Amino acid sequence: MAAAAKHLTPITLELGGKNPCYVDDDCDPQTVANRVAWFRYFNSGQTCVAPDYVLCSPETRERLLPALQSAITRFYGDDPKSSPNLGRIINQKHFLRLQGLLRCGRVAIGGQSDESDRYIAPTVLVDVQDTEPVMQEEIFGPILPLVTVRSLDEAIDFINQREKPLALYAFSNSSQVVRQVLARTSSGGFCGNDGFMHMTLASLPFGGVGHSGMGRYHGKFSFDTFSHQRACLLRSPGLEKVNHIRYPPYTPGKLRLLLLAMEERRCSCTLL
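The structure displayed is predicted, hence computed values, not measured ones.

1. Notes on the overall build of the protein chain
Helix and strand counts for the protein chain stand at eight helices and 11 strands. A principal-axis box enclosing the C-alpha atoms of the protein chain has dimensions of 85 × 45 × 30 Å. Relative to its full complement of 272 residues, the protein chain shows a buried share of 40%. Within the protein chain, contacts between residues separated by at least 24 positions form 63% of all contacts whose residues are at least 6 apart in sequence. Carbon and sulfur atoms provide 57% of the accessible area of the protein chain, an area that totals close to 15500 Å². Averaging the locations of the 29 positively and 27 negatively charged side chains of the protein chain gives two centres separated by 13 Å.

See the structure below:
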C-alpha cells in the first residue's frame, strides 16, 4: 500500500484476520464436521479464509467433537502424519509459533507435533480463554478452537466485538438463522453452510473490509478495481435560453426559479 501510494496507484488489499464460524443447534453435526474439517485442515490450515474458531452451544460442542474426530479419521486415516493428503507447516518459524498455540485451552482432538518434519496433527481445542494467544492472533495452521456461547445473539455480539474478518461462516438447517448472521455482522465475505466456496466463484467479489483489507477482485471485479470509472456528460449546444437563470446577476426572480427547480428535482428523486 505504501509503494502504491507513491504513484497514486489503485490497489486491493486482501489481509487476514480471525474468521468466525457459527454452528447452530439446529444442524446435522456430521455434515457440519465434514465441511469444517475439510476447510480448516486444507493445506494444513494455511489459508487466509479458513475458520479460526467455531462458536456453538455447549450441547452442540459435545455433538461436534465425535463428528470432527470421525471426519478427521476418514480424511487422513488413523495416523494423519503418514497421510499424503495432509501438508506440512511452511517453515520453522511458523511451526514453533503454532506449537506454542497447542498449549492454549485443552486439546480434545490431535495435538501431536514433530519439529523435524514440521508436522502438526489436525487439532481441536476446547476451554480456550479469550485472552490466550490462540484467540488473539490469526492461527494459520491446523488448529481449531471450539468456543461455547449461550445463544445466537451472544455469538453475534462476540463476532462484532472483534475486528471485521476476511470471511465469516454460519451453519444451520434454518435459513433464517444464516440470514440473521449475515445481516447483523460485517465481513469481507460470507458463506452459509459451507466453507470458502464463495472465493472460488468468479461471479462473486473477494476481498476484506476494515482490518481484513480493502477493495475486491476476482473475475470482472479485478478489472473494475484497476479501471477508472470516468464520469461523462454530453449536452446539446442549443436551448441556451433555458440556461439564463443560472447566469449572474442573480435577481430575486431568478432565485425563485432556481429554488423551484431544485424543489421539483428533490420531489422527483423522492418518487424514484
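2. Side note on the nonpolar core
Core analysis: the largest hydrophobic core is formed by 35 residues, its most contacted members being Val23, Val54 and Tyr169. Counting only elements with at least two residues in this core, the list comes to strand S2 (20–23), helix H2 (29–41), strand S3 (53–56), helix H3 (58–76), strand S7 (123–126), strand S8 (143–148) and strand S9 (167–171). If one sorts the elements of this core by residue count, H3 sits on top with seven residues. Beyond its immediate stretch of four places on either side in the chain, valine 23 contacts Val32, Val54, Leu55, Cys56, Thr60, Leu64 and Phe171. In terms of nonpolar packing, the next biggest core, distinct from the first, is built from 29 residues, Leu98, Ile120, Val134 and Ile156 among them.

3. A short note on the pattern of salt bridges
Oppositely charged side chains can pair when the atoms bearing their charge come close. According to the stated counting rule, one finds 12 salt bridges in the structure shown. Aspartate 130 is paired through a salt bridge with arginine 162; the nearest N and O atoms lie 3.3 Å apart. With aspartate 130 in the loop between S7 and S8 and arginine 162 in the loop between helix H5 (152–160) and S9, this residue pair connects regions lying 32 residues apart in the sequence. Overall, arginine 162 belongs to the partly exposed group, its relative accessible area being 29%. One salt-bridge network, in which partners are shared between bridges, spans Arg61, Glu62, Arg106 and Asp127.

4. Brief notes about the UniProt feature "active site" (unreviewed entry) in the protein chain
UniProt annotation of "active site" (unreviewed entry) refers to Glu14 when read in the numbering used here. Sequence-distant contacts of glutamate 14, that is, excluding residues within four places in its chain, are made with Cys48, Leu166, Phe206, Ser212 and Tyr217. Here the side chain of glutamate 14 touches tyrosine 217 through a polar contact of 2.4 Å, side chain to side chain.

5. As for the side chain of asparagine 19
Counting through the fold element by element, asparagine 19 comes out in the loop between strand S1 (13–14) and S2. Among the polar contacts made by the side chain of asparagine 19, one reaches the main-chain carbonyl oxygen of alanine 50 at a distance of 2.8 Å. For asparagine 19, the side chain forms a polar contact with the main-chain nitrogen of leucine 166, separated by 3.3 Å. Contacts of asparagine 19, omitting those with residues within four sequence positions, involve Cys48, Val49, Ala50, Pro51, Asp52, Tyr53, Pro165, Leu166, Ala167 and Tyr169.

6. Here's the deal with the UniProt feature "domain: Aldehyde dehydrogenase" (unreviewed entry) in the protein chain
Under the UniProt annotation, the feature "domain: Aldehyde dehydrogenase" (unreviewed entry) is placed at residues 1–230. Annotation note: span residues 1–230, helix share 30%, strand share 17%, distance between end C-alpha atoms 23 Å.

7. Here's the deal with the environment of threonine 225
Relative to the helices and strands, threonine 225 is located in helix H7 (residues 220–225). The class for threonine 225 is buried, based on a relative accessible area of 19%. Look past the residues within four positions of threonine 225 in its chain and what remains in contact with it is Pro10, Ile11, Thr12 and Arg216. One polar contact links the side chain of threonine 225 to the main-chain carbonyl oxygen of arginine 216, over a distance of 2.4 Å.

8. Details of the pairing of S8
Two faces make up the sheet, and in a regular strand the side chains alternate between them. Of all six residues that make up S8, five are buried, and the element is covered over most of its length. Sheet analysis places S7 next to S8, joined by three bridges and oriented parallel. The residue of S8 that forms the bridge with leucine 125 is proline 145.

9. Regarding the sheet that holds strand S4 (residues 106–109)
Read across the open sheet, the seven strands follow the order S4-S7-S8-S3-S2-S9-S10; overall the sheet is mixed. A strand with exactly one partner marks an edge of an open sheet, and here the two such strands are S4 and strand S10 (189–192). Shown here is a sheet whose adjacent strand axes are inclined to one another by a mean of 25°, direction ignored. Two elements, S2 and S3, share three bridges in a ladder whose sense is parallel. Its bridge partner lying in S3, proline 20 is registered against tyrosine 53.

What counts, and at which threshold
Residues numbered from 1 in each chain as written. Predicted model: local features only at pLDDT ≥ 70, side-chain atom pairs only at ≥ 80, totals over all residues. Heavy atoms only, no water. Helix = DSSP H or I, 4+ residues; strand = E, 2+ residues; numbered from the N terminus. Buried < 20%, exposed > 50% of the residue type's maximum accessible area, 1.4 Å probe, protein only. Contact = heavy atoms within 4.5 Å. Areas by Shrake-Rupley, 256 points an atom, 1.4 Å probe, with all protein chains shown as cover. Lys, Arg positive; Asp, Glu negative; His and termini not counted. Charge placed at Lys NZ, Arg CZ, Asp CG, Glu CD. Core = buried A, V, L, I, M, F, W, Y, C linked by side-chain atoms within 4.5 Å. Salt bridge = Lys/Arg side-chain N within 4 Å of Asp/Glu carboxyl O. UniProt positions renumbered as here; feature names shortened; annotations may be inferred. Polar contact = N/O pair within 3.5 Å; in protein donor to acceptor, adjacent residues only side chain to side chain. Pairing = 2+ DSSP bridges. Axes fitted to C-alpha atoms, helices over the stretch in contact; angles between N-to-C directions.

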